[in-house]
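Chain by chain, the residues:
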Amino acid sequence: MRTLRPALLAATAATCALLLGLTACGGGSSPTDGQAHGHAPASSPESPTSPPASMPSTNGMDGMDGMDGMDGMDAPASANGLSADRDGYRLVSPDARLPSGAPATYRFSVTAPDGRPLTAFALDQTQRMHFYAVRSDLTGFQHVHPGMAKDGTWTARLAALAPGAWRFFASFTPDAGPGKGTDVVLSRTVTVPGAASSPVPLPAPKTSATVDGYTVTVKGDIMAGMSGMAHPLAVTVTRNGRPVTDLQPYLGTYAHLTAFHTGDLAFAHLHPTTAVNGDHGGPELAFHAELPTAGDWRLFLQFRTQNTLHTAALTLRAG
């Protein structure tokens, strides 16, 4: 995510209305930059897993960079990550299509308000760039940390992508220029050619999910549409009914939580508030949640134990 403050922050003068930052991004023996940090709902020893067999259709998303107000989104696209442009910053890439069935490479750059490639990025959750690949029906998810060349070109190395429509998000903080210190999230759509099945229905809202033998339970009532109004959200991690207390730091915290609004894929981050104390995280993790739009959100929680990254996915309804 930037686990999970990469992301759309509430609509204040300095931030986007939809970003919620989960500061779980880095630290310890996390995957190397450019490697996929996880598909959901699945995980493995610090390496990507194959996406689910079901493949979504394009849903008419191709080429729709800068979508405004889809599915009832009140915030403009520039404020929820659904645009390639924001405040003079632009996400640029020559890649509108990527192959399926094999690892892929996506190259992009960010141009500053002066039109030049931005090369000064501040560290955010131990990384200068958080990159997310999300499939249109939310069955595919990858979170990677690309590497940047001296000319400002970033290279994101992705695990195999299933055919269909995908949206790629770049979450970063400029360290120079008029937007210095401001979190920015930009995105573009990408088509993966091939036979795509019908979209997989979003799982119904549920307060818990299980991955790799771990059960993640979320507690808290989320009221949407209140800019700047954070609500407490508690996450508990158990295994075989017992509290888990050996969570390892991941990107500077114990868990990274990213959320995407169903239908339009609007992006949000949830901010963790639990202090890090070595490899002794859990069982309870606290977050501040700001979901500016009502409806169903798909949450991807990433956490690490015994040097293995786990990604749990569940649906949360914001009222």
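Residues numbered from 1 in each chain as written. Predicted model: local features only at pLDDT ≥ 70, side-chain atom pairs only at ≥ 80, totals over all residues. Heavy atoms only, no water.

Novice: Provide a residue-level description of the sheet that holds strand 2 (residues 89-92), including the pertinent values.
Specialist: Strand order across the open sheet formed by 5 strands is 1-2-3-7-6, with antiparallel pairing between neighbours. Either end of the sheet is taken by a strand with one partner, and the two such strands are strand 1 (85-86) and strand 6 (147-148). The sheet contact formed by strand 2 and strand 3 (residues 104-111) spans 3 bridges and is antiparallel. Directly across from Leu 91, in strand 3, lies its bridge partner Val 110. (Pairing = 2+ DSSP bridges. Helix = DSSP H or I, 4+ residues; strand = E, 2+ residues; numbered from the N terminus.)

Novice: Now, about the pattern of salt bridges: what can you tell me, with residues and values included?
Specialist: Taken as a whole and assessed by the stated rule, the structure comprises 4 salt bridges. With a shortest N-O distance of 3.0 Å, Asp 87 and Arg 86 are connected by a salt bridge. The exposure class assigned to Asp 87 is exposed, which follows from its relative accessible area of 57%. For Arg 135, the salt bridge goes to Asp 137, with nearest N and O atoms at 3.8 Å. On the basis of relative accessible area, Asp 137 is assigned to the buried category, the value being 8%. (Salt bridge = Lys/Arg side-chain N within 4 Å of Asp/Glu carboxyl O. Buried < 20%, exposed > 50% of the residue type's maximum accessible area, 1.4 Å probe, protein only.)

Novice: Tell me about the packing of aromatic side chains, and name the residues and values.
Specialist: A complete count under the given rule lists 18 aromatic pairs for this structure. Aromatic pair Phe 108 and Phe 131: ring centres 5.2 Å apart, planes at 20 degrees, arrangement stacked. Within this pair, whereas Phe 108 is found in strand 3, its partner Phe 131 is found in strand 4 (residues 130-135), the two being separated by 23 residues in sequence. Residue Phe 131 is classed as buried on the basis of its relative accessible area, which comes to 0%. Relative to Phe 260, the ring of Phe 169 has its centre 5.4 Å away and its plane inclined at 55 degrees; by these criteria the two rings are tilted. One end of the pair, Phe 169, is in strand 8 (residues 164-172); the other, Phe 260, is in strand 14 (residues 256-261), with 91 residues separating them in the sequence. Through a chain of ring-to-ring contacts, three or more aromatic side chains come together here, namely Tyr 89, Tyr 106, Phe 108, Phe 121, Phe 131, Trp 154, Phe 168 and Phe 172. Its end group placed over the ring of Tyr 214, Arg 239 keeps NZ or CZ at 4.5 Å from the ring centre. (Phe/Tyr/Trp six-rings, centres within 6.5 Å; stacked < 30°, edge-to-face > 60°. Lys NZ or Arg CZ within 6 Å of the ring centre and 35° of its normal.)

Novice: Could you give me a rundown of the pairing of strand 10 (residues 208-211), with the residues and numbers involved?
Specialist: Residues Ala 209 and Val 211 point to one face of strand 10 and are all buried, whereas Ser 208 and Thr 210, pointing to the other face, are not buried. Summarising the sheet, strand 10 and strand 11 (residues 214-219) pair through 4 bridges and their orientation is antiparallel. Considered in strand 11, the bridge of Ser 208 is made with Thr 217. Hairpin connection, strand 10 to strand 11: the antiparallel pair is bridged by 2 residues, and Asp 212 has positive phi, about 50 degrees.

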